[in-house]
Amino acid sequence: MELEEKNPDPKYGESRKFDPNFRGPIHNRGCTDVFCCILFVLAMFGYFAVGILAWSQGDPRKVIYPTDSRGQFCGQEGTPLAKKPLLFYFNILKCASPLVLLEFQCPTTQLCIESCPNRHLTLLKAKTNKEDREYYRQFCKEGVDINILTVPEILRDGLCPAMLMPSKPFTRRCLPALGTRKGGVVMVGNETVLDDGEGKQINATNVLEASKKSNLVVEARQVAMRIFEDYTQSWHWILLGLVIAMVVSLIFIVLLRFLAGVMIWVMIFLVIVVIGYGIFHCFMEFKSLKGEPGSDVTIRDLGLQTDFSVYLQIRQTWLAFMIILAIVEVIIILLLIFLRKRILIAIALIKEASRAVGHVMSALFYPLLTFALLAVVIAYWAITAVFLSTSNDQVYKVFNNSECEFSRDTCDPKTFNTSNVSAQCPDAECMFAFYGGETLYHKYLIVLQFYNVFLFFWCANFVTALGQVTLAGAFASYYWAFKKPGDIPAFPIFSSLGRALRYHTGSLAFGSLILSIVQVIRVILEYLDHKLKGAQNKFAKFMLKCMKCCFWCLEKCIKFLNRNAYIMIAIYGKSFCTSARDAFFLLMRNIIRVAVLDKVTDFLLFLGKLLIVGIVGIFSFFFFSGRIRAVEQATPSLNYYWVPIMTVVVGSYLIAHGFFSVYAMCVDTLFLCFLEDLERNDGTAERPYFMSQSLLNLLKKSNEQPKSVD
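Residues numbered from 1 in each chain as written. Predicted model: local features only at pLDDT ≥ 70, side-chain atom pairs only at ≥ 80, totals over all residues. Heavy atoms only, no water.

Draft legend 1. Quick look at the pattern of salt bridges. Counted by the stated rule, this structure contains nine salt bridges. Here R119 and D132 are joined by a salt bridge, their closest N and O atoms 3.2 Å apart. Here R119 is found in the loop between β2 (110–113) and β3 (121–122), whereas its partner D132 is found in helix α5 (residues 130–137), with 13 residues between them in sequence. Given a relative accessible area of 30%, R119 falls into the partly exposed group. Between D145 and R137 there is a salt bridge, with its nearest N and O atoms 3.9 Å apart. On the basis of relative accessible area, R137 is assigned to the partly exposed category, the value being 31%. Each of E134, R137 and D145 takes part in one network of salt bridges that share partners. (Salt bridge = Lys/Arg side-chain N within 4 Å of Asp/Glu carboxyl O. Helix = DSSP H or I, 4+ residues; strand = E, 2+ residues; numbered from the N terminus. Buried < 20%, exposed > 50% of the residue type's maximum accessible area, 1.4 Å probe, protein only.)

Draft legend 2. Layout of the packing of aromatic side chains. Summed over all chains, the structure comprises 23 aromatic pairs. Aromatic side chains F48 and Y380 sit 6.0 Å apart centroid to centroid with 90° between the ring planes, which places their arrangement in the edge-to-face category. Of this pair, F48 sits in helix α1 (residues 34–57) while Y380 is found in helix α13 (residues 366–389), placing the two residues 332 residues apart along the sequence. According to the relative accessible area criterion, F48 is partly exposed, its value standing at 41%. Look at Y380 and you get buried, because its relative accessible area is 16%. Judged by centre distance (5.5 Å) and plane angle (55°), the rings of F456 and F457 are tilted. The same class applies to F456 and to F457, which are both buried. An aromatic cluster of three or more residues is present, and its members are Y47, F48, W55, Y380, F387 and Y451. (Phe/Tyr/Trp six-rings, centres within 6.5 Å; stacked < 30°, edge-to-face > 60°.)

Draft legend 3. Broad picture of helix α17 (residues 492–503). In a regular helix each residue adds 1.5 Å, so twelve residues correspond to 16 Å; α17 covers 16 Å between its end C-alpha atoms and thus fits that length. Listing the buried residues of α17 in full gives P492, I493, S496, L497, R499, A500 and Y503. Mapping the buried residues of α17 onto a view down its axis gives an arc of 165°, with all of them on the same face. The outward face of α17, more than 90 degrees from its buried face, is lined by the exposed residues F494 and R502. (Expected span 1.5 Å × (residues − 1). Arc of directions from axis to C-beta.)

Draft legend 4. Representation of the state of the cysteines within the structure. Enumeration according to the criterion identifies three disulfides in this entry. Between the sulfur of C74 and that of C112 lies a disulfide, 1.9 Å long from S to S. Note on the C74 and C112 pair: the S-S dihedral is about -70°, so by sign convention the disulfide is left-handed. Within this pair, whereas C74 is found in the loop between α2 (61–64) and β1 (86–89), its partner C112 is found in strand β2, the two being separated by 38 residues in sequence. (Disulfide = S-S within 2.5 Å.)

Draft legend 5. Quick look at the packing of α13 against helix α16 (residues 445–479). Where α13 contacts α16, the two axes come as close as 10 Å, and the packing angle between them is 180°. Between α13 and α16, the angle falls in the class roughly antiparallel. For the contact of α13 with α16, the residue count by class is 17 nonpolar, seven polar and no charged. (Axes fitted to C-alpha atoms, helices over the stretch in contact; angles between N-to-C directions. Parallel < 35°, antiparallel > 145°, perpendicular 65-115°, else oblique. Nonpolar A, V, L, I, M, F, W, Y, C, P; charged D, E, K, R; others polar.)

Draft legend 6. Highlighting the packing of α1 against α13. One can describe the packing of α1 onto α13 by two numbers: an axis separation of 8 Å at closest approach and a directional angle of 45°. Relative to α13, α1 is oriented oblique. For the element pair α1 and α13, the recorded crossing hand is left-handed. Mapping the contact onto sequence places Y47, F48, V50, G51, A54 and W55 in α1 and Y380, W381, I383, T384, F387 and L388 in α13. Partitioning the contact of α1 with α13 into residue classes produces ten nonpolar, two polar and no charged. (Left-handed = near helix turned anticlockwise from the far one by under 90°. Contact = heavy atoms within 4.5 Å.)

Draft legend 7. Region of interest: the side chain of R499. Its location among the elements puts R499 in helix α17. Residues contacting R499, with those up to four places away along its chain left out, are P25, I26, H27, R29, G473, S477 and H504.

Draft legend 8. The nonpolar core, seen in detail. Residues F475, L604 and L607 are the most contacted members of the largest nonpolar core, which totals 113 residues. Excluding its chain neighbours within four sequence positions, the residues that come into contact with L604 are I264, M267, I268, I343, A346 and I350. (Core = buried A, V, L, I, M, F, W, Y, C linked by side-chain atoms within 4.5 Å.)

Draft legend 9. Looking closely at the side chain of E555. Topologically, E555 is positioned in helix α19 (residues 538–572). Here E555 falls in the buried class, since its relative accessible area comes to 6%. Of the polar contacts made by the side chain of E555, one reaches the side chain of R522; its length is 2.5 Å. If we skip the residues at most four places from it in the chain, E555 touches L515, V518, Q519 and R522. (Polar contact = N/O pair within 3.5 Å; in protein donor to acceptor, adjacent residues only side chain to side chain.)

Draft legend 10. Structural view of the confidence of the model for the protein chain. Taken as a whole, the protein chain shows an average pLDDT of 76; of its residues, 75% reach a score of 70 or greater. Of all helices and strands in the protein chain, the one with the weakest mean pLDDT is helix α3 (residues 99–103) (40), whereas α1 scores best (91). Confidence over residues 180–187 falls short of pLDDT 50; this stretch has 19 contacts with residues more than four positions distant or in other chains. The low-confidence segment residues 212–218, where pLDDT is below 50, has 15 contacts with residues more than four positions distant or belonging to other chains. (pLDDT = per-residue confidence, 0-100.)

Draft legend 11. Expanded view of empty space enclosed by the protein. Per the stated rule, a full pass over the model turns up three cavities of 30 Å³ or more. Forming the boundary of the largest cavity are 13 residues, of which F88, Y89, I92, M165 and S167 lie nearest the centre. Going through the elements one at a time, β1, β4 (163–164) and β6 (173–176) are the ones with two or more residues in the lining of the largest cavity. Element by element, the count of residues in the lining of the largest cavity is highest for β6, at three residues. When the residues that make up the lining of the largest cavity are grouped by side-chain class, the tally is eleven nonpolar, two polar and no charged. (1 Å grid on protein atoms, 1.4 Å probe; cavity = no way out; pocket = protein on both sides within 12 Å on 5 of 7 lines; lining within 4 Å. Points joined across faces, edges and corners; volume = space filled by probe spheres on them.)

Given below as structure tokens:
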């Protein structure tokens, strides 16, 4: 493929003219996109106001502690229920009611207790024995004298449960101690049929169904608790793995500075080898499971399992991994074959970027500032979201067994016993139902949550944009310096950061706002897609998929355009729209170079990140799975050994991405400056090129001659 450019299309603007006074990023610049700057500042003040309002109204204890029928927290320190951390259901069978799915609250009395019942006992039986009465009393409402009142009176007023069944504490709730015999027979304790204390027999299978619905997220919480336990056992090893990833990334960057060409080819070779080893390992696991009992079960037949290690014991899982890795390997090899002639030019660009990074070493540490700012943004969003979601008031509803016109009406527990409802419906109770409210604040709570999400995206994109403009300004100073490093500013990163914050906060806010709007729309589409999963309207599903695809493409295009617009802002100090237009026209005038050179360097840098992640991931796999005999004793005992492995892999990618993002921004900046350099100059002594001579020579060998400017 020839890279020689045709005459640029007039519709993409005129080429840059030679300017003998141009010396890189201009210093005499003014504020840009002031209106967006003011809007961003006002939005931030509003964001702080929302946070303060949420923190004054919210109560995170509602997430931590279960609440009884009066809305009191079980087990909270400094309260009368401090020593009663567990929630007990009077009649857990009522949790099987569809009402649970609507109001997320069982229509039965709930009580905070010290320990769960450990045996099956009815109220009628307990009345006949003093020891049983004393044991039974702890599961009754406060102040109830079980010795004086009769069983009908207790059950009529809902003062005590009709029966107790063997239970175990789980997620701070007493749930039936369910088990199974051979043949799948469900048991509660050692019994399959229970007396409900009112003359009826209860099948243990019904108890199982009610137990599941009493806590809609029992399985998820069980997995979460195991994962949390794994983190407590392996956090120091995970931290060590991330430190190793950081050291490997830093060594790779340093070697890239001095041995760019060699490192790129070594990197390509190692990536192929690492993925090839992954294919070989998956094949050996697939082969070793042949003939093993249960290994031929399909993933579909297995269904969703909370113990994810089960999936590693079936052949289909390893076959899927092997196919995926093989496809990735083939794609990479084919790309390398087709792009083999252009890799040399890309290596020259990376060499030039290595020199720039070598002269601006502080750029390698700038991602730490970006990570810190993003951590603050994420933490503020998460804390505000928790406080907003827990800022509802306690809402009480009328619950009853017989027909009552006031059923499910809002009530006040303090005045309920003296109200008309209590008189007309004797068996009715005023119990805590859920958290809500009818004030103006509660009515607009969903709007505040949306504002919190939108500002999160805006702030996160602004932090990313600030980093891109800062790095672009520093590397542009390097490129346009006549004498390197003499003409490079003493502190290019700080100078560029100061210019960005002083003059271009509005432009960064403008670009971030456009991207945030698209991202929020994508979030809404994902939510709608989740809601329509059970729908039968195939046309609506198809249209939604199309919209999701279109907005995904739009987000990628805006990110690419914003990135190049920020480079032009860093150099010329113009507004966002003008810079975006200039960058777009410059790229379109050199579309072949963009498609062949810039994207090839991005691909090579991606292989570098893939290599670091692969190396660290393989070592973490062998360590946490206990396959390294030398350190087998130091391997922590885990529920899911893939938890620390995935954490290390994801963390390694983020660390490698942080280091390589500097290189990627450097390459993009130098590439854009390089295109302008070709348009401005003709290569004579009076108009020298700012690019390196080695890159020029390589371009000439590739039949790409710099254009002359009349």
